[in-house]
Amino acid sequence: PVAFGIACGSSGIAPAAALEAFLYTRLAGSISAAMRLMKIGQSEAQRVLADVLQQVPAVAAAIVASDAGPAVFAPALDIAAMSHQYQRSRLFRS
């Protein structure tokens, strides 16, 4: 998220547009993983993504309008992500 924000900020992209783009990447990635993990086809996955994406502009606007600063605290997720490369059997290889 930080690198994405820096790239958008240095390119002059408005905060709301940058946030919408970031939310899209996260949602599209989740849908992609769901297609590999679940019995969901491409057409159904795209329908789900389209339904969820309708909410993105309102969510992004609410976040941008919020007085709260950026905050994330998910140490278990960070540790799992760092150790993923050392797993013998991985679901997604990159």
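One can find the structure itself at the top, above this paragraph.
Thresholds, definitions, all that
- Residues numbered from 1 in each chain as written.
- Predicted model: local features only at pLDDT ≥ 70, side-chain atom pairs only at ≥ 80, totals over all residues.
- Heavy atoms only, no water.
- Helix = DSSP H or I, 4+ residues; strand = E, 2+ residues; numbered from the N terminus.
- Rg over C-alpha atoms; globule rule 2.2 N^0.38 Å.
- Buried < 20%, exposed > 50% of the residue type's maximum accessible area, 1.4 Å probe, protein only.
- Areas by Shrake-Rupley, 256 points an atom, 1.4 Å probe, with all protein chains shown as cover.
- Lys, Arg positive; Asp, Glu negative; His and termini not counted.
- Charge placed at Lys NZ, Arg CZ, Asp CG, Glu CD.
- Core = buried A, V, L, I, M, F, W, Y, C linked by side-chain atoms within 4.5 Å.
- Contact = heavy atoms within 4.5 Å.
- Expected span 1.5 Å × (residues − 1).
- Axes fitted to C-alpha atoms, helices over the stretch in contact; angles between N-to-C directions.
- Parallel < 35°, antiparallel > 145°, perpendicular 65-115°, else oblique.
- Left-handed = near helix turned anticlockwise from the far one by under 90°.
- Nonpolar A, V, L, I, M, F, W, Y, C, P; charged D, E, K, R; others polar.

Asks: Could you give an account of the overall build of the chain, naming the residues involved and the relevant values?
Replies: Per the secondary structure count, the chain includes five helices and zero strands. In terms of C-alpha radius of gyration, the chain reaches 16 Å, well past the compact-globule figure of 12 Å for 94 residues. C-alpha extents for the chain along the principal axes are approximately 40 × 35 × 25 Å. The proportion of buried residues among the 94 residues of the chain is 13%. For the chain, the accessible area works out to roughly 7,400 Å², and carbon and sulfur atoms hold 62% of it. Across the chain, 7 positive and 5 negative side-chain charges occur, with their mean positions spaced 21 Å apart.

Asks: Break down the environment of A21 for me, citing the residues and quoting the values.
Replies: Locating A21 in the fold gives a position in helix α2 (residues 15–37). On a C-alpha basis, the gap between A21 and F4 in space is 9.4 Å, while along the polypeptide they are 17 residues apart.

Asks: Now, about the nonpolar core: what can you tell me, with residues and values included?
Replies: Membership of the largest hydrophobic core is limited to five residues, which are I31, A34, I40, A45 and L49. Within the residue set of this core, elements represented by two or more residues are α2 and α3 (42–53). Setting aside anything within four residues of it in sequence, one finds A45 in contact with I31, M35 and I40.

Asks: Tell me what's going on with α2, and back it up with residues and numbers.
Replies: Counted at 1.5 Å a residue, the expected span for α2 with its 23 residues is 33 Å, and the 33 Å between its end C-alpha atoms agrees. Among the residues making up α2, those that are buried are A18, L19, I31, A33 and A34. Close packing links the buried residues of α2 with α1 (2–10), α3 and α4 (56–65).

Asks: Go over the environment of V59 with me, naming the residues and quoting the values.
Replies: Relative to the helices and strands, V59 is located in helix α4. A sequence separation of 40 residues divides V59 from L19, and the C-alpha atoms of the two residues are 9.3 Å apart.

Asks: How would you explain the packing of α2 against α3 if you had to name every residue and give the values?
Replies: Helices that pack against each other are described as a pair by the angle of their axes relative to one another and the distance between those axes. At a minimum axis separation of 10 Å, α2 and α3 run at an interaxial angle of 155 degrees. Here α2 lies roughly antiparallel to α3, going by the angle between them. α3 is crossed by α2, and the crossing has right-handed handedness. Across from Y24, L27, A28, I31 and M35 in α2, the residues of α3 making contact are Q42, A45, V48, L49, V52 and L53. Of the residues belonging to the contact of α2 with α3, the class tally is 10 nonpolar, one polar and no charged.

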